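Inside the fold
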Amino acid sequence: MDSLDSFSADYAEARDKFRAAAADEGAQTQQIPHPLTGPKGEALAVDVAWLGPREAERVLVTFSAVHGVEGFCGSGAQVDWLRRGEGRDLPAGVAVMHVHAVNPHGFAWLRRMTEENVDLNRNWIDFAAERPRNLGYEALAGVLCPADWSAETQAATRAALGDYGREHGAAALAEAASGGQYVDPKGIFYGGQAPVWARRTLTDLLSERLARARRVAVIDFHTGLGPWGYGEPIIVEGPGDPAYERARNWFGAAITSMAKGEAAISKVSGDTLEGVPALLGHAETACVALEFGTLPGPKVLNAIRADNWLHMHGDPLGPDAAAIKAEIRAAFFGDQPDWKGMILGQALATARQALGGLAAA
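1. Digging into the environment of L279
- When you line up the elements, L279 lands in helix α9 (residues 272-279).
- Spatially, the C-alpha atom of L279 lies 20 Å from that of A49, the residues being 230 residues apart in sequence.
- Not counting residues within four places of it along the chain, the set of residues in contact with L279 comprises W124, T203, L206 and S207.

Written out as structure tokens, the structure reads:
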């Protein structure tokens, strides 16, 4: 079978391929139904495949579709890993858990956001504490997320964003747009006001399945930042943190650190890579976001803004939807043979690195 066939055209196909590949490999499987449906009325779920000893104390975990529409990449990598039979010869005492479509609603509807319009990678904060502020976003909210999406409005808001970037710098514009915010429920990169369904579901799953684990490596598949097809291994921690050294040992010296300011994305509030280690305080963890580049940053941001308008002010099943959904799909899924091949090769290498690191730990 052609490895590129591991990728899918939509969420339903991706789910079918993942479940079939997991069954063919004899994985222990679990389905966690989502309360809502997809745009065609299709059932949604988080699907789990476990390979290796159930009582394993060393576990590699992979996530796809934390940012829904980015699930094309992660799902393809997970299906390819299963189809290659990588789980048949795991190191002694090591298991693998693939979590397919952490945010199935976003995957099916071609959105980064959850059904609550929440960015799951901004939702892992302590909601009992004071919310982080993003003053840049608050100043630009009406520009980033206008109530109409006419050609005139698009041109005017792009010009305003360019002016802000020239005045304050590209880094400040990126922080304002994507750093996360907790004041605008209809805005982009919204972190929410409480743990959303996807966070609660992942919390319960990891707490139950990894209760025995003593060492856990996590690969969280993402797309949209960086050069075409390159997978940057990004971690949250910086030098001096034991997790930083573990990540270098388990994933290799190519990792980049948000804390050091060397990653494609600056440090954000409420990232899943921070939330998972906090859940697994009994285990040594090393968590990496494998971020694959697609289109230039301005095109990706424009696609996110357009999709936000469609769901907050337009009709996601209306006449404007097809063009906007094609735009956001292209922003997060490089649907070309070279891109797909780059993803599969790098994903496989990263998984093998992590398994080697866990075995040697």
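So, next bit.
2. Digging into the side chain of D220
- Among the secondary structure elements, D220 is positioned in strand β5 (residues 215-228).
- Buried within the structure, D220 lacks any salt-bridge partner; its nearest side chain of opposite charge belongs to R122, at an N-O separation of 9.3 Å.
- A distance of 2.8 Å separates a polar atom in the side chain of D220 from a polar atom in the side chain of H222.
- The contacts of D220, once residues within four sequence positions are left out, are F63, V66, N121, T272, L273, V288, A289 and L290.

3. Considering empty space enclosed by the protein
- Across all of its chains, the model carries three cavities of 30 Å³ or more by this definition.
- The space that makes up the largest cavity amounts to roughly 80 Å³.
- Around the largest cavity sit T62, A77, Q78, D80, W81, H98, F221, L344, A347, L348 and A351, which together line it.
- When contributions to the lining of the largest cavity are tallied by element, the ones reaching two or more residues are α2 (71-83) and α12 (337-360).
- The residue inventory of the lining of the largest cavity, partitioned by class, reads seven nonpolar, three polar and one charged.
- Taken as a whole, the second largest cavity holds about 50 Å³ of empty space.
- What lines the second largest cavity is R111, R112, M113, I188, I304, D307, N308 and I328.
- It is helix α10 (residues 297-312) that contributes the most residues to the lining of the second largest cavity, three residues altogether.
- Residue classes in the lining of the second largest cavity are distributed as four nonpolar, one polar and three charged.

4. Considering the sheet that holds strand β7 (residues 256-257)
- If you trace the eight strands from one edge of the open sheet to the other, you get β1-β2-β4-β3-β5-β8-β6-β7, paired in mixed fashion. In this open sheet, the two strands that pair with only one neighbour each are β1 (28-37) and β7.
- As paired elements, β5 and strand β8 (residues 284-293) share ten bridges and run parallel to each other. Of the residues in β8, the one forming a bridge with D220 is A289.
- Packed onto the sheet, α2 meets β2 (43-51), β3 (58-63), β4 (94-100), β5 and β8 and runs at close to 140 degrees relative to β4.

5. Describing the pairing of strand β6 (residues 231-235)
- Taking burial as the measure, the five residues of β6 include five buried ones, the bulk of the element.
- Across the two faces of β6 the burial is the same, with G231, P233 and I235 and E232 and I234 all buried.
- Inspection of the sheet shows β6 paired to β8 by four bridges, in the antiparallel sense. Paired with G231 across the strands is F292, a residue of β8.

6. Some details on the state of the cysteines
- Inspection of the entire model under this criterion finds zero disulfides.
- No disulfide involves C73; its nearest neighbouring cysteine sulfur is the one of C287, lying 18 Å away.

7. Observations regarding the layout of surface pockets
- Here the largest pocket defines a volume of roughly 820 Å³.
- Secondary-structure elements contributing two or more residues to the lining of the largest pocket are α5 (151-168), α6 (170-178), β5, β8 and α10.
- With seven residues, α10 is the single largest residue contributor to the lining of the largest pocket.
- Of the voids in this model, the second largest pocket is the one considered here, and its volume is about 310 Å³.
- As for the second largest pocket, its lining consists of 18 residues, of which D10, P39, K40, A108 and L110 are closest to the centre.
- Among the elements of the structure, α1 (11-24), α3 (104-109) and α11 (321-332) are those that each provide at least two residues to the lining of the second largest pocket.
- By residue number, the principal contributor to the lining of the second largest pocket is α11, which donates four residues.

8. Observations regarding the packing of α10 against α11
- One way to put it is that α10 packs onto α11 with a least axis distance of 9 Å and a crossing angle of 140 degrees. As for the relative orientation of α10 and α11, their crossing is left-handed in sense. Every residue of α11 that contacts α10 at K299, V300, N302, A303, I304, A306, D307, W309, L310 and H311 is listed here: A321, I324, K325, E327, I328, A331 and F332.
- Residues belonging to the contact of α10 with α11 are distributed by class as follows: eleven nonpolar, two polar and four charged.

9. Things to note about the nonpolar core
- Counting residues in each nonpolar core, the largest one holds 69 residues, and the members touching the most others are L60, W81, L140, L144, I219 and F251.
- Among the elements that line this core, the one with the most residues is α12, at nine residues.
- Once you skip the residues sitting within four places of it in the chain, L144 turns out to touch Y137, L161, A176, A177, I188 and R305.
- The next biggest cluster of nonpolar side chains, apart from the first, holds 40 residues, and it includes V48, L202, V218 and M258.

Calculation rules
Sequence order sets the numbering: in each chain, residues are counted from 1 along the sequence as written. Local features in this predicted model are restricted to residues of pLDDT 70 or higher, and side-chain atom pairs are both shown and tallied only at a pLDDT of 80 or more, whereas totals for entire chains, interfaces and linings draw on every residue. To obtain the side-chain values, all non-hydrogen atoms of the structure were used and water was disregarded. In DSSP terms, a helix is any run of H or I states spanning at least four residues, a strand is any run of E spanning at least two, and both are numbered starting from the N terminus. Contacts were defined at the residue level, with two residues in contact if any of their heavy atoms lie within 4.5 Å. Burial here depends on accessible area, computed with a 1.4 Å probe over protein chains only, as a share of the maximum for the residue type. Under 20% is buried, over 50% is exposed, and the range in between is partly exposed. Only four residue types enter the charge count, namely Lys and Arg as positive and Asp and Glu as negative; His and the chain termini do not. Whenever Lys or Arg places a side-chain nitrogen within 4 Å of a carboxyl oxygen from Asp or Glu, that contact is recorded as a salt bridge. Side-chain atoms alone can form a polar contact between residues adjacent in sequence; in general such a contact is a pair of N or O atoms within 3.5 Å, and within protein one must be able to donate a hydrogen while the other accepts it. Of the two site types, the cavity is a set of points on a 1 Å grid over the protein atoms alone where a 1.4 Å probe fits but cannot get out, and the pocket is an open set with protein on both sides within 12 Å along at least five of seven lines, each lined by residues with an atom within 4 Å of a point. Grid points are joined across faces, edges and corners, and a volume is the space filled by probe spheres set on the points. Under the convention adopted here, Pro, Cys and the residues Ala, Val, Leu, Ile, Met, Phe, Trp and Tyr are nonpolar, Asp, Glu, Lys and Arg are charged, and Gly plus all remaining residues are polar. Whether two strands pair depends on DSSP finding at least two bridges between them. A fitted line through C-alpha atoms represents every axis, and for helices the fit uses only the stretch in contact; the resulting angles, taken between N-to-C directions, go from 0 to 180 degrees. By convention in this document, the label disulfide applies to cysteine sulfur atom pairs within 2.5 Å. Crossings are sorted by hand: turned counterclockwise from the far helix by less than a right angle, the near helix makes the crossing left-handed, and turned clockwise it makes it right-handed. Nonpolar core, defined: a set of buried Ala, Val, Leu, Ile, Met, Phe, Trp, Tyr and Cys residues in which side-chain atoms within 4.5 Å join the residues together.

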